[in-house]
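Understanding the architecture of this molecule
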Amino acid sequence: MHQPKVAVLYRDAKDRELWEETLKGVPGLVPITVELDFTASLERLRHFGGSLRLVILSARLYPERYPELAAQVRAVCPGSELLLVSSSEEPPPALTPLLADQVRHLAFNPPHEARRDGEYFPEIVSRLIDRRPWEICSCLREGTTLHSFGLRSSEEKEALIGALEAVLAGEGDEFEMLRQKGALLADELLENALYDAPRAPDGSRLFRKGEKRVMLPQESIVFSFGFDGETLALELRDSWGSLEPEVVLEHLARNQEGDPIAGDAGGRGLFIIWRFLDHFHMNVQPGLETAVGGHLQLSSGHHPEVPRGFHITEIDKEMQTCTA
Amino acid sequence: MYSMTATPANLTPEHDCFVLEGTIDAQSEPFFRELPKKVRHPQVRFDFTRAGRINSMGIALLLRCFKEIRQARETEILLEGLSPTNSMLFKMTGVFLLAKPAPAGANGREGAK
């Protein structure tokens with residue numbers, strides 16, 4: 001008998017209705033409506049617990065209504081990853097509980113005008129089930145040219161940003177906006193790899209922001225991007241693997257929920273990357289590689305003020321839990 | 001690249017005006033460190049019409065600079081000529097908590113284009 005790999009916890013029938021269309025492409029999905037009987041819902045999860053690779057939680061349940069839910073799900077499904085899903089038309093979930101519960105995947109139901117973006121859900125669910133990290137080509141149309149540049153010194157940063165802007169040639173406000181966002185994203189990704197990623201064994205920074213520097217022997221920074229006429233995808237890989245998923249989530253939470261003028265929150269660059277992309281992805285192989293990137297659309301239906309989804313994975317831990 | 005100028009057309013006895021030009025990033029640090037000392041009036045206008053990209057380091061410098069200006073005296077900070085991207089950036093990073101977009105004035109400019 002085929003064992004289900006994905007379960008989704010809805011709050012009630014209305015919640016289920018909201019997500020049914022978006023999740024209909026996910027094969028073998030086990031839907032559970034929690035408020036019919038909370039205890040029975042957890043028992044049902046426990047029944048499938050051994051085979052489940054992913055449990056999707058509705059933001060109408062967690063973190064606000066049932067703050068313990070993530071821990072309870074983990075207890076009955078120890079091998080599963082958690083993905084929190086929220087409607088882009090409702091207030092976004094607070095990030096601090098996600099940080100405490102190590103919930104590293106958040107996705108928003110796209111607004112009606114961003115239909116194409118809806119194809120993203122089955123794709124991301126499939127990747128989470130198989131523990132396959134995001135790839136830059138996965139969101140671009142087949143045959144799209146991918147541009148990749150290995151950085152040799154910080155002096156090349158502006159030329160790379162210029163190369164990205166040249167690929168986004170087009171007239172009108174949408175193109176102008178995409179060029180500006182793309183340039184800012186490239187700037188932040190490159191600054192992060194040049195000055196934040198390089199760390200001494202004690203964790204201290206090796207380089208000061210803005211200083212001119214060349215790549216160290218064995219150091220690799222590769223910036224890649226592609227544009228298929230509608231979607232821009234960007235990725236930055238560095239050979240440090242120094243960003244920890246918990247630290248990234250902490251940066252996002254602190255910049256979103258803290259007082260921005262009380263002091264320098266740190267991690268503002270990552271926060272900007274997250275908020276300017278339609279979907280933010282990060283994959284870390286500790287000590288080996290960090291890949292940060294994502295994509296955004298020319299005609300993005302996402303409201304600029306609404307937080308975006310993120311997917312933060314760590315290869316070592318993922319491999320340990322991989323049973324497929 | 002950045003530069004600071006006082007624009008004569010905008011200069012009144014009541015306000016200072018600084019025109020920002022080019023990318024605002026780590027290289028702009030010396031400029032923003034000195035800027036608060038040059039404020040003389042209770043109202044300061046920053047014109048971003050010729051400003052380009054503003055990265056996270058640029059945001060940190062603007063926040064520090066605006067905070068210092070407001071702490072020194074009760075100064076109102078107005079921003080004009082903002083691109084939609086920079087407006088979005090200022091909103092999400094809290095810059096608008098210290099400075100607000102200038103209303104459309106006699107010169108026809110708005111805070112956010």
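Since we're looking at a predicted model, the values are computed, not measured.

Here we take up the overall build of chain A. From N to C terminus, chain A includes ten helices and eleven strands. Taken over C-alpha atoms, the radius of gyration comes to 20 Å for chain A, in line with the 20 Å a tight globule of 324 residues would show. Relative to all contacts within chain A whose residues are 6 or more apart in sequence, the contacts with residues 24 or more apart total 68%.

Okay, the environment of Thr22 of chain A next. By the element assignment, Thr22 of chain A lies in helix H1 (residues 13-23). Taking C-alpha positions, Thr22 of chain A is 6.9 Å from Phe121 of chain A, a pair spaced 99 residues apart along the chain.

What follows deals with the sheet that holds strand S1 (residues 15-24) of chain B. Residue and element names in this part refer to chain B. Pairing within the open sheet is parallel, and its four strands lie in the order S1-S2-S3-S4. If you trace the sheet from one side to the other, it starts and ends with S1 and strand S4 (100-101), each paired once. Two strands pair when backbone bridges link them, and S1 and strand S2 (residues 43-54) are joined in this way by eight bridges, in the parallel orientation. Looking at S2, one finds that Val19 is bridged to Asp47.

Turning to the interface of chain B and chain A, a few remarks are in order. Taken together, the contacts link 22 residues of chain B with 19 residues of chain A. Of all the elements in the fold, those that place two or more residues in the side of chain B that touches chain A are helix H2 (56-72) and helix H3 (84-93) of chain B. Sort the elements by how many residues they give to the side of chain B that touches chain A and H3 of chain B lands first, with seven residues. Here the side of chain B that touches chain A is composed, by residue class, of eleven nonpolar, seven polar and four charged.

A few words on the packing of helix H2 (residues 38-48) of chain A against helix H3 (residues 69-76) of chain A. Residue and element names in this part refer to chain A. Two elements in contact, H2 and H3, have axes separated by 8 Å at closest approach and are oriented at 35 degrees. For H2 against H3, the interelement crossing comes out right-handed. In this structure, H2 uses Leu42, Leu45 and Arg46 to contact H3, whose residues at the interface are Gln72, Val73 and Val76. Split into classes, the residues belonging to the contact of H2 with H3 amount to four nonpolar, one polar and one charged.

What follows covers helix H9 (residues 268-276) of chain A. In terms of burial, H9 of chain A is a largely internal element, nine of the nine residues being buried. Looking only at H9 of chain A, the buried set comprises Arg268, Gly269, Leu270, Phe271, Ile272, Ile273, Trp274, Arg275 and Phe276 of chain A.

This brings us to unusual backbone geometry. Residue and element names in this part refer to chain A. With an omega of 5 degrees, the peptide bond running from Tyr62 to Pro63 counts as cis. Looking at where Pro63 falls in the secondary structure, it is placed in the loop between strand S3 (54-58) and H3. Unlike most non-glycine residues, Gln102 shows phi in positive territory, near 55 degrees. Among the structural elements, Gln102 can be located in the loop between helix H4 (96-101) and strand S5 (105-109). We classify Gln102 as partly exposed; it has 15 C-beta atoms within 10 Å. One non-glycine residue, Arg131, adopts positive backbone phi at about 55 degrees. Residue placement: Arg131 occurs in the loop between helix H5 (120-130) and strand S6 (146-150).

Moving on, we get to the nonpolar core. In a soluble, globular protein the nonpolar side chains are often hidden away together inside. Residue and element names in this part refer to chain A. The biggest cluster of nonpolar side chains holds 115 residues, and the ones touching the most others in it are Val55, Leu57, Leu84, Leu189 and Ile273. The dominant element in this core, judged by the number of residues it contributes, is helix H7 (residues 173-196), at ten residues. Of the domains in this structure, domain 1 (6-130) and domain 2 (136-321) are the two that each give at least three residues to this core. Those residues in contact with Leu189, other than ones at most four positions away along the chain, are Phe223, Leu234, Leu236, Ile273 and Val292.

Another point: the sheet that holds strand S9 (residues 279-285) of chain A. Residue and element names in this part refer to chain A. Taken in spatial order, the eleven strands of this open sheet run S2-S1-S3-S4-S5-S11-S9-S10-S8-S7-S6, and their pairing is mixed. Every other strand in the sheet has two partners, leaving strand S2 (29-33) and S6 as the edge strands with one partner each. Within the sheet, the average angular offset between the axes of one strand and its neighbour, ignoring direction, is 15 degrees. By the bridge criterion, seven bridges tie S9 to strand S10 (residues 289-297) in an arrangement that is antiparallel. Counterpart to His279 in the pairing with S10 is His295. Across the sheet, H2 is in contact with strand S1 (6-10) and S2; its angle to S2 comes to roughly 160 degrees. Relative to strand S11 (residues 309-314), helix H8 (residues 245-257) is tilted by about 160 degrees, and along the sheet it contacts S9 and S11.

This part is about the domain arrangement of chain A. Residues and elements named next belong to chain A. Taken domain by domain, chain A holds domain 1 (6-130) and domain 2 (136-321). Each of domain 1 and domain 2 has a C-alpha centre, and the two are 26 Å apart. Domain 1 puts 21 residues into the contact, and the matching count from domain 2 is 24 residues. Secondary structure elements with two or more residues in the side of domain 1 that touches domain 2: H4, S5 and H5. Per element, the largest residue contribution to the side of domain 1 that touches domain 2 is four residues, and it comes from S5. Its residues assigned to classes, the side of domain 1 that touches domain 2 shows 13 nonpolar, four polar and four charged.

Rules used throughout
- Residues numbered from 1 in each chain as written.
- Chains lettered and ligands numbered in written order.
- Predicted model: local features only at pLDDT ≥ 70, side-chain atom pairs only at ≥ 80, totals over all residues.
- Helix = DSSP H or I, 4+ residues; strand = E, 2+ residues; numbered from the N terminus.
- Rg over C-alpha atoms; globule rule 2.2 N^0.38 Å.
- Contact = placed C-beta atoms within 7 Å.
- Pairing = 2+ DSSP bridges.
- Nonpolar A, V, L, I, M, F, W, Y, C, P; charged D, E, K, R; others polar.
- Axes fitted to C-alpha atoms, helices over the stretch in contact; angles between N-to-C directions.
- Left-handed = near helix turned anticlockwise from the far one by under 90°.
- Buried ≥ 20, exposed ≤ 12 C-beta atoms within 10 Å, placed from the backbone.
- Core = buried A, V, L, I, M, F, W, Y, C linked by C-beta atoms within 7 Å.
- Domains from an automatic or database assignment.

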